[in-house]
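Below, each chain spelled out in residue letters.
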Amino acid sequence: EAGVAQSPRYKIIEKRQSVAFWCNPISGHATLYWYQQILGQGPKLLIQFQNNGVVDDSQLPKDRFSAERLKGVDSTLKIQPAKLEDSAVYLCASSLEWGDQPQHFGDGTRLSIL
Amino acid sequence: SQQGEEDPQALSIQEGENATMNCSYKTSINNLQWYRQNSGRGLVHLILIRSNEREKHSGRLRVTLDTSKKSSSLLITASRAADTASYFCATDASSNDYKLSFGAGTTVTVRA
């Protein structure tokens, strides 16, 4: 089966600019996750979708981050405006259903803020 | 906040040797998982151990879980250069609605 697809792989922007990341989960996976992984740390969950509904976004900085999964398949994560501390790898993962393990990860988007 | 903490932070071994890394966590869990991350890539699931299990094997991997000490260990036997990666433990806390909390990882370097 095809894995989780993410694009772009790399993005460099200046602070205060906006950026968007795209994720296409494994076909048939109802649950989609966005994680932020800062260099030297483990991934931190930002938001979790079940189909097109948000299950948990308690750690999403909502003043600048937004995410959507309108048709319950692919998803977009946006940052506007970006801050220096947003430099990280943004990982998307999916699982068959909510609570199903393991999660399957894409290769991420590496974001650098200048 | 990160629930799990791996130890050591980094490990360098010779090919053929065994690698052991540990994970400690703070709250009760449903299960604990280990993931591997190669440089520049996403995480790959290695093994899941449930809270009522004490030991699990998968190929060259052996995982133990001690819920009384809130700790787990991952042993990689007969290491290969391809095992060079970062290894993360992730806990699924009983009260946490299936959210995974990852530690900071152990970076393993296998020298040829």
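Being a predicted model, the structure only gives us computed values, none of them experimental. (Residues numbered from 1 in each chain as written. Chains lettered and ligands numbered in written order. Predicted model: local features only at pLDDT ≥ 70, side-chain atom pairs only at ≥ 80, totals over all residues. Heavy atoms only, no water.)

Colleague: Before we move on, can you summarise the overall build of chain A with the specific residues and values?
Modeller: Assigned secondary structure in chain A consists of zero helices and eleven strands. Along the chain direction, N to C, the helices and strands of chain A fall in the order β-β-β-β-β-β-β-β-β-β-β. Taken along its principal axes, the extent of the C-alpha atoms in chain A is 35 × 25 × 25 Å. A buried classification covers 45% of the 114 residues belonging to chain A. Surface exposure of chain A reaches about 5,500 Å², of which carbon and sulfur atoms provide 50%. Of the side chains in chain A, 12 bear a positive and 12 a negative charge, and the two mean positions are spaced by 8 Å. (Helix = DSSP H or I, 4+ residues; strand = E, 2+ residues; numbered from the N terminus. Buried < 20%, exposed > 50% of the residue type's maximum accessible area, 1.4 Å probe, protein only. Areas by Shrake-Rupley, 256 points an atom, 1.4 Å probe, with all protein chains shown as cover. Lys, Arg positive; Asp, Glu negative; His and termini not counted. Charge placed at Lys NZ, Arg CZ, Asp CG, Glu CD.)

Colleague: Pulling in residues and values, what's your account of the side chain of A:Ser75?
Modeller: All names here are of chain A. With respect to the helices, strands and loops of the structure, Ser 75 is situated in strand E8 (residues 75–79). From its side chain, Ser 75 meets the backbone oxygen of Glu 68 in a polar contact 2.9 Å long. Apart from residues lying up to four places away in sequence, Ser 75 is in contact with Phe 21, Trp 22, Cys 23, Leu 32, Trp 34, Phe 49, Glu 68 and Arg 69. (Polar contact = N/O pair within 3.5 Å; in protein donor to acceptor, adjacent residues only side chain to side chain. Contact = heavy atoms within 4.5 Å.)

Colleague: Help me get a handle on the state of the cysteines, residues and values and all.
Modeller: All names here are of chain A. Summed over all chains, the structure comprises two disulfides over all chains. Bridging Cys 23 to Cys 92, the disulfide has an S-S length of 1.9 Å. Classification of the bridge connecting Cys 23 and Cys 92 rests on its S-S torsion, roughly -65°, and on that basis the disulfide is left-handed. Of this pair, Cys 23 sits in strand E3 (residues 19–24) while Cys 92 sits in strand E9 (residues 88–95), placing them 69 residues apart in sequence. (Disulfide = S-S within 2.5 Å.)

Colleague: Requested: an account of the sheet that holds strand E7 (residues 65–68) of chain A, with residues and values cited.
Modeller: Strand-to-strand pairing in sheets goes through backbone hydrogen bonds, with the strands running parallel or antiparallel. Residue and element names in this part refer to chain A. Reading across from one edge, E1-E3-E8-E7 is the order of the four strands in this open sheet, with antiparallel pairing throughout. Each end of this open sheet is capped by a strand with a single partner; those strands are strand E1 (5–7) and E7. Within this sheet the neighbouring strands show an average axis-to-axis angle of 15°, counted without direction. Two strands pair when backbone bridges link them, and E3 and E8 are joined in this way by five bridges, in the antiparallel orientation. Across the sheet, residue Ala 20 finds its bridge partner in E8, namely Lys 78. (Pairing = 2+ DSSP bridges. Axes fitted to C-alpha atoms, helices over the stretch in contact; angles between N-to-C directions.)

Colleague: Lay out the interface of chain B and chain A with the relevant residues and their values.
Modeller: With 21 residues of chain B at the contact, the number on the chain A side is 22 residues. When the area that chain B buries against chain A is broken down by residue, the three leading residues are B:Leu43, B:Tyr98 and B:Lys99, summing to 31%. Here chain B and chain A share two salt bridges between them. Between B:Lys99 and A:Asp56 there is a salt bridge, with its nearest N and O atoms 3.1 Å apart. Of all the secondary-structure elements, those providing two or more residues to the side of chain B that touches chain A are strand E4 (29–37), strand E5 (43–50), strand E9 (85–93) and strand E10 (100–102) of chain B. No other element matches E4(B), which puts four residues into the side of chain B that touches chain A. When its residues are assigned to classes, the side of chain B that touches chain A shows eight nonpolar, nine polar and four charged. (Buried area = accessible area lost by both parts, 1.4 Å probe. Salt bridge = Lys/Arg side-chain N within 4 Å of Asp/Glu carboxyl O. Nonpolar A, V, L, I, M, F, W, Y, C, P; charged D, E, K, R; others polar.)

Colleague: Could you give me a rundown of the nonpolar core, with the residues and numbers involved?
Modeller: All names here are of chain B. Formed by 22 residues in total, the largest nonpolar core has its most connected members in Met 21, Leu 32, Trp 34, Leu 46, Leu 74, Ile 76 and Tyr 87. Contributing elements (two or more residues each) for this core: strand E2 (10–14), strand E3 (19–24), E4, E5, strand E7 (61–66), strand E8 (71–76), E9 and strand E11 (106–111). If near-sequence neighbours (up to four positions away) are discounted, Leu 32 is found in contact with Cys 23, Tyr 25, Ile 47, Leu 48, Ile 49, Leu 65, Ser 72, Cys 89, Ala 90 and Thr 91. (Core = buried A, V, L, I, M, F, W, Y, C linked by side-chain atoms within 4.5 Å.)

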